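Structural overview for review
So the chains spell out like this:
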Amino acid sequence: MKFSVPKLVRFHHCDPAGIVFYPQFFYLLHEVQEDFLAHIGFPEHKLIAGGTGVPIVDLKTEFLGMCRNGDQLTITLELTRIGGSSMGMQYEILGDTGAVRLRAHGVVVYSEVPHGKAVRIPDELRSALLPYLKTTSPGDT
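Residues numbered from 1 in each chain as written. Predicted model: local features only at pLDDT ≥ 70, side-chain atom pairs only at ≥ 80, totals over all residues. Heavy atoms only, no water.

Some points on the sheet that holds strand β6 (residues 100–109)
Overall, antiparallel pairing links the five strands, which are arranged β1-β4-β5-β6-β3 in an open sheet. A single partner strand is all that each edge strand has here, and the edge strands are β1 (3–8) and β3 (56–63). Taking each pair of neighbouring strands and ignoring which way they run, the sheet shows an average axis angle of 20°. Bridge count for β3 against β6 is seven bridges, and the pairing is antiparallel. Paired with K60 across the two strands is H105, which belongs to β6. (Pairing = 2+ DSSP bridges. Helix = DSSP H or I, 4+ residues; strand = E, 2+ residues; numbered from the N terminus. Axes fitted to C-alpha atoms, helices over the stretch in contact; angles between N-to-C directions.)

Take a look at the structure:
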């Protein structure tokens, strides 16, 4: 199952030409990660207040099309892997026609704050994550 959130491209996301300035995509992706964690009952601010967090340790991004001020986007997040302390997250940013404008894959690590020491993902969080784990079909490679 994919988690999906609508996002409007705002003026502050854009360069003087009205096109999303590429670092702003990373803010949008992180907002979706926060929205996802809140949706499954583990808001990031509560994780941090409790002494844990999910910092990103790797992010690969493929820019496939422009986004402009005023565009209505849909951003999806799906988990590609749930390990002992880490998770793979696959993101897509889609334009209003459904065309993929950006695809990204990130790895986050459940860890202690502020030390950054990786710790095992608790069973309650793991259970909440599982419905969003991408399953592969026999034809997938």
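Once you've had a look at it, read on.
Some thoughts on the side chain of Q24
Its location among the elements puts Q24 in helix α1 (residues 23–39). Those residues in contact with Q24 that sit more than four places away from it in its chain are H12 and H13. (Contact = heavy atoms within 4.5 Å.)

Observations concerning the environment of Q24
On the accessibility criterion, Q24 (16% relative accessible area) is buried. As for Q24 and H13, which are separated by 11 residues in sequence, their C-alpha atoms are 5.6 Å apart. (Buried < 20%, exposed > 50% of the residue type's maximum accessible area, 1.4 Å probe, protein only.)

Concerning the nonpolar core
A general trend in soluble globular proteins is that nonpolar side chains are found buried together. Ranked by size, the top nonpolar core spans 33 residues in total, and within it F36, I40, L79, I93 and L129 carry the most contacts. In terms of residue count, the dominant contributor to this core is α1 (six residues). In contact with F36, other than residues within four places in its own chain, are F3, L77, L79, L129 and Y132. (Core = buried A, V, L, I, M, F, W, Y, C linked by side-chain atoms within 4.5 Å.)

Remarks on α1
Each α-helix turn comprises 3.6 residues. Residues three or four places apart therefore point the same way. A rise of 1.5 Å per residue sets the reference length of α1, with its 17 residues, at 24 Å; its end C-alpha atoms lie 25 Å apart and thus fit the reference within 8%. Buried within α1 are the following residues: Q24, F25, L28, L29, V32, Q33, F36 and L37. One or two steps after α1, the chain reaches G41, where phi turns positive at roughly 95°. (Expected span 1.5 Å × (residues − 1).)

Here's the deal with the pattern of salt bridges
Any two side chains of opposite charge can pair, so long as their charged atoms come close to each other. Counted according to the given criterion, the structure contains seven salt bridges. Between E92 and K2 there is a salt bridge, with the nearest N and O atoms lying 3.6 Å from each other. Placement of the pair is E92 in strand β5 (residues 86–94) and K2 in the segment before β1, with a sequence separation of 90 residues. Relative accessible area serves as the criterion here: at 14%, E92 is assigned to the buried category. Of the charged contacts in the structure, one is a salt bridge between K7 and E31, with a shortest N-O distance of 3.0 Å. Of the two residues, K7 sits in strand β1 while E31 sits in helix α1, which places them 24 residues apart along the sequence. Three or more residues are tied together by salt bridges with common partners; here these are K2, E62, E92 and R103. (Salt bridge = Lys/Arg side-chain N within 4 Å of Asp/Glu carboxyl O.)

Functional significance is not addressed by these values, which are geometric in nature.
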